[in-house]
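# Breakdown of the fold
The lines below spell out each chain.
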Amino acid sequence: MWTRTGIATLFCGLLSTAVGAADNLEAQVSQSDIDIIIELGFGGKWQPEYEGSDDYELSPWPTIGIGYVALPGLFTIGTVEPDRAGLSFGPAFNYISERNLDDDPDLFGLDEVDSTFEAGIGARYQWTHAEVWGEVRYAFGGAEGFVGEFGANAVVRPVPELELKLGPFASAASGDYMQSYFGVSPEEAANTGFRVAPYDADGGFKTAGLKGSARYEFRPTWFLNGEASYSKLIGDAGDSPIVEAGDEDQFTLGLGISKKFSLDVF
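Note that the coordinates shown come from a computational prediction; the quantities given were computed from them, not determined experimentally. Each residue is numbered by its place in its chain's sequence as written, counting from 1. Two thresholds apply to this predicted model, a pLDDT of at least 70 for residue-level local features and 80 or more for giving and counting side-chain atom pairs, whereas whole-chain, interface and lining totals are computed over all residues. Each side-chain value is worked out from all heavy atoms of the structure, with water and hydrogens disregarded.

## Some details on the side chain of serine 229
Checked against the element boundaries, serine 229 lands in strand 11 (residues 222-233). A polar contact is formed between the side chain of serine 229 and the side chain of threonine 252, at a distance of 2.5 Å. Excluding residues within four positions of it along the chain, serine 229 makes contact with Phe169, Leu210, Lys211, Gln250, Phe251 and Thr252. Each helix is a run of H or I in the DSSP string that is no shorter than four residues. Each strand is a run of E no shorter than two, and both are numbered from the N terminus. Distance and chemistry together define a polar contact, namely a pair of N or O atoms within 3.5 Å, with one atom able to donate a hydrogen and the other to accept it when in protein, and with adjacent residues in sequence counting only for side-chain atoms on both sides. Any pair of residues with heavy atoms lying within 4.5 Å of one another is described as a contacting pair.

What follows is the structure, given as structure tokens:
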């Protein structure tokens, strides 16, 4: 029978083997042969159950980024030197859990909203001590429409292995998305006995806030990643009766691990 100590020992052994194998693969590619630098990782994020909720849950937090691409004879994007100024880009994801009204009696009578998945592309341009970034994602599932997020950060590196970022950000969404999470149809209002008034949520700015992150390279090309944010629902989102029943102040806290790969493809 496996004990907790035995399982922990096995897990640590498998992780150590995976780290060693990835490092050996990395060592076989010289800098002059690099065509693509990609980063993959995973973690968890503590975030509101849905937009405007005052209840929180742990959700997956994947890391997928592309820092450098070189197509011979065509173009080069990014840099193989991580601390140099340059452009990076990659897929952008987000996940919002279902809005289950059984757990929120204040919204009884309103429609439930299934889990929403968001996928798109993000880009950032970094200088030595600052950066600007943006993402465009398409939401599908419980809510549909486009979501955009953008911001700027101050960047500090107290030691070469540690990178700290802090700065403001904002988000916006299309009308379809806003209506799904923040709107109340006449039928829904009637189902609540007009305890909740009908409300049309138009597209526009959705949140504004502050986000910080920490990134520590605990061994070459392996990173511990942390992120925390505070945002306030604004515009039609902040005025929604759904948010009034929940909370316009939204917090997130994430922690994960990632590995950067340098590949010779072409």
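## A closer look at a negative patch on the surface
Taken together, Glu98, Asp102, Asp111, Glu112, Asp114 and Glu187 make up a surface patch of like negative charges. Here aspartate 114 shows up in the loop between strand 5 (86-96) and strand 6 (116-126). To count toward a patch, a residue needs a relative accessible area over 30% and no salt bridge; like charges are then connected within 9 Å, while nonpolar side chains (Val, Leu, Ile, Met, Phe, Trp, Tyr) are connected within 5 Å. Accessible surface is estimated by sampling points in the Shrake-Rupley manner with a 1.4 Å probe; for residues, cover comes only from the protein chains shown. Criterion for a salt bridge: a side-chain nitrogen of Lys or Arg within 4 Å of a carboxyl oxygen of Asp or Glu. Within this scheme the basic residues Lys and Arg register as positive and the acidic residues Asp and Glu register as negative, but His and the chain ends are omitted. Note that the charge is assigned to NZ on lysines, CZ on arginines, CG on aspartates and CD on glutamates.

## Comments concerning the environment of glutamate 144
Inspection of the secondary structure puts glutamate 144 in the loop between strand 7 (130-141) and strand 8 (145-159). The buried label goes to any residue with under 20% of its type's maximum accessible area, the exposed label to any with over 50%, and the partly exposed label to all in between, with areas taken from a 1.4 Å probe on protein chains only. Residue classification places glutamate 144 among the partly exposed residues on the basis of a relative accessible area of 44%. When the C-alpha atoms of glutamate 144 and glutamine 179 are compared, they prove to be 9.5 Å apart, with 35 residues separating the residues in sequence. Those residues in contact with glutamate 144 that sit more than four places away from it in its chain are Tyr138, Ala139, Ser174, Asp176, Tyr177 and Ser180.

## Concerning the confidence of the model for the protein
Confidence of the prediction at every residue is given by pLDDT, a number between 0 and 100. Averaged over all residues, the pLDDT of the protein equals 85, while 83% of them reach at least 70. Across residues 1-5, confidence stays below pLDDT 50; counting only partners more than four residues off in sequence or on other chains, it has 2 contacts.

## Examining the packing of aromatic side chains
A pair of Phe, Tyr and Trp rings is counted when the ring centres sit within 6.5 Å of each other, with Trp represented by its six-membered ring. The angle between the planes then sorts it: under 30 degrees is stacked, over 60 is edge-to-face, the rest tilted. For the structure on display, the rule yields 9 aromatic pairs. Centre to centre, the rings of tyrosine 177 and tyrosine 181 are 5.5 Å apart; their planes meet at 50 degrees, and the pair counts as tilted. Separated by 4 residues within a single helix, tyrosine 177 and tyrosine 181 lie in helix 2 (residues 175-182), roughly one turn from each other. A single burial state applies to tyrosine 177 and to tyrosine 181, both of which are buried. Relative to phenylalanine 182, the ring of tyrosine 181 lies with its centre 6.5 Å away and its plane at 55 degrees, an arrangement referred to as tilted. When sorted by exposure, tyrosine 181 lands in the same class as phenylalanine 182, which is buried. Taken together through their ring pairs, the aromatic side chains of Tyr95, Phe117 and Phe140 make up a single cluster. If you follow lysine 211 out to its NZ or CZ, it ends over the ring of phenylalanine 169, 4.7 Å from the centre. Note on geometry: a ring has a charge over it if NZ (lysine) or CZ (arginine) is within 6 Å of the ring centre and within 35 degrees of the ring normal. The ring of phenylalanine 261 is capped by lysine 259, whose NZ or CZ atom sits 5.6 Å from the centre of that ring.

## A look at a nonpolar patch on the surface
A surface patch of nonpolar side chains, about 480 Å² in accessible area, is lined by Phe117, Val136, Tyr138, Phe140 and Phe146. Top element by residues in the nonpolar patch is strand 7. It accounts for 3 residues. One can find valine 136 in strand 7. A relative accessible area of 49% places valine 136 in the partly exposed class.

## Some points on the nonpolar core
Here the nonpolar core consists of buried residues drawn from Ala, Val, Leu, Ile, Met, Phe, Trp, Tyr and Cys, with membership extended through side-chain atoms lying within 4.5 Å. Residues Leu107, Leu110, Tyr177, Met178, Tyr181, Phe182 and Val184 are the most contacted members of the largest nonpolar core, which totals 23 residues. For this core, the secondary-structure elements that each account for two or more residues are helix 2 and helix 5 (241-245). Beyond its immediate sequence surroundings of up to four residues, methionine 178 is in contact with Ala173, Gly183, Ala201, Asp202, Gly203, Gly204, Phe205, Lys206, Asp236 and Ala237.

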